[in-house]
Amino acid sequence: MGVIIYLLILGIAVYVFLGLLTSGATQQCLDIDECVESPDICGNWGTCRNTGCSYMCLCPNGFRNSGDRQTSCVDIDECNTDGVCGKRGICQNLIGSYWCECPAGFTNFGKNQNKCVELNCDQYETQPGQTLPGFDSFLSLLRNNCLVLNNSTLSGPTRPLPTGDVLLTLLVNTTDVLQLDLQSNGHRSSSEVTKLLKTIEISIRLIAPLLTENVTRIETNHTDVEILVRRDKTPPKGPVSLTNENTQLDTTWETVIGDYQNYQGFAFVVLLSYKNLDSLKDTTSRQNLQLMSSALTVSVSNSNTTNLPQLINLTFNHLQSSDVDPTCVYWSDENGPGVWSELGCTSVMSNSNQTVCSCSHLSTFALLKGIHQKKGTGQLSLVMWGGVFVALTCVVLSLITTLWCRFVSRKRRGGNRLKQDVQLHRK
């Protein structure tokens, strides 16, 4: 009986002890909300978040704190980073941000945190008789925009600058008018075609950085243009693809940007297709070369596009189904007013409806029918004339051999007769 009472008392004691221990632990984990007790614990710019037995300071963009995230948020001086505003830009630090001041002749296209890049406005200057019809007023507008963007002085009052979307619409409309003119009056000279393509190229390089949307597309009955723009703090990477009704471009952001050290804070890639330039020809060609696809211009923010680090792929839809293997070509003006050339472009796949071209540079591209036939004709002519030359040589050699044999034969007969006469005389 005494043992039972003893065990009962021991059990009660253990129960009371465990209860006191649990009560003590609960009192030990009582949370203190530091965010309420010390409202300024994260500084003027940080946001305090209670985490249960602790807290953390959340800092907005442009601010930071130490690794434990329990110190005040302080401003990041981005101007301490080399090259943040480009080679000629002047960095001005702000609370939680910064902005780049560009000297005259440089611009960041109105994006204050982009690097300052040089902008040449002379290329938009028009000269009487040297500009294609309809492009005079458009190039003058681009030049005024350019002069304002690169902090140059304009004479007279300045108007509000048109947006990138407005400028792109004007470019497409002007290109449409010129394509209609080509349709009604026939193809122009090679030099005029070169002038058109160069004008579109320099216009796009000014317009694309001014666009506000990441993707911009305009399609008319004559022109289809799509522009993809990225504005990231660090250079984007990976594949990029643009597609329209007749063509598809496949490349990478590494190719679009080029040298990462020259990344300007934005990157763009453009696919512009001409629906009514199927009669586009070079006037220096004596062969009737026919386009089998729409002509298209590819442009990127990378200014060095003559020798790309990676090949681009262009998928063309044929204007008409054909079993003839087309040639991948681009418009080249390196050695004259302009010709279709296949240098740097090869066909990697072709069927009756589509052809995929792989190219090591950027320009205006198309599929051409006639180049290979022209080459084949030239090779056939060369073989033919070679055969004629060999045949004539054989004939001449045959005549010489025949005459020589006759001469030797007559000489021998003459010698024999002389011997016979001498013998008769002796008798």
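Counting starts from 1 at the beginning of each chain's written sequence and moves along it residue by residue. Local features in a predicted model are, by the rule used here, given only for residues with pLDDT of at least 70; side-chain atom pairs are given and counted only at 80 or more, and totals for whole chains, interfaces and linings are based on all residues. Note: side-chain values were computed over all heavy atoms of the structure, leaving out hydrogens and water.

Engineer: For this particular structure, what's the right way to read the packing of helix H3 (residues 136-149) against helix H5 (residues 190-207)?
Structural biologist: Relative orientation and spacing of two packed helices are given, respectively, by the angle between their axes and the distance between those axes. Only the stretch in contact is used when a helix axis is fitted, and all axes are lines through C-alpha atoms; the angle between N-to-C directions ranges over 0 to 180 degrees. Secondary structure elements follow DSSP: runs of H or I of four or more residues count as helices, runs of E of two or more count as strands, with numbering from the N terminus. Closest axis-to-axis distance for the H3/H5 pair is 11 Å, and the angle between their directions is 35°. As for the relative orientation of H3 and H5, their crossing is left-handed in sense. Residues Phe138, Leu139, Leu142, Cys146 and Leu149 of H3 form the contact with H5, whose participating residues are Thr199, Ser203, Leu206 and Ile207. Along the lines of polarity and charge, the residues of the contact of H3 with H5 split into 7 nonpolar, 2 polar and no charged. Crossings are sorted by hand: turned counterclockwise from the far helix by less than a right angle, the near helix makes the crossing left-handed, and turned clockwise it makes it right-handed. Throughout, a contact is declared for two residues whenever any of their heavy atoms are within 4.5 Å. Each residue is assigned to one class: nonpolar for Ala, Val, Leu, Ile, Met, Phe, Trp, Tyr, Cys and Pro, charged for Asp, Glu, Lys and Arg, and polar for all the others, Gly among them.

Engineer: When you look at the environment of Asn302 in this model, what are you seeing that I'm missing?
Structural biologist: Secondary-structure assignment places Asn302 in the loop between strand S15 (295-300) and strand S16 (312-317). The buried label applies to any residue whose accessible area, calculated with a 1.4 Å probe on protein chains only, is under 20% of its type's maximum; exposed applies above 50%, and partly exposed to all values in between. Judged by its relative accessible area of 9%, Asn302 falls in the buried class. On a C-alpha basis, the gap between Asn302 and Gly258 in space is 5.4 Å, while along the polypeptide they are 44 residues apart. If we skip the residues at most four places from it in the chain, Asn302 touches Arg205, Thr255, Val256, Ile257 and Gly258. Reaching out from Asn302, the side chain makes a polar contact with the backbone nitrogen of Asn304 at a distance of 3.0 Å. We define a polar contact as two N or O atoms separated by no more than 3.5 Å, with the added condition that, inside protein, one atom must be a possible hydrogen donor and the other a possible acceptor, whereas residues neighbouring each other in sequence contribute only through side-chain atom pairs.

Engineer: Help me out: how do you make sense of the pairing of strand S13 (residues 267-274) in this one?
Structural biologist: Each regular strand shows side chains that alternate between the opposite faces of the sheet. Among the 8 residues of S13, 8 are classified as buried, and the element is accordingly described as predominantly covered. Burial of S13 is two-sided: the residues Ala267, Val269, Leu271 and Ser273 facing one way and the residues Phe268, Val270, Leu272 and Tyr274 facing the other way are all buried. Here, a strand pair is defined by DSSP locating no fewer than two bridges between the strands. As defined by bridge partners, strand S10 (residues 223-230) adjoins S13 across 8 bridges and the pair is classed as antiparallel. From the neighbouring strand, Val225 faces S13, where its bridge partner is Leu272. One ladder, built from 6 bridges, connects S13 with S15; its direction is antiparallel. Of the residues in S15, the one forming a bridge with Leu271 is Val298.

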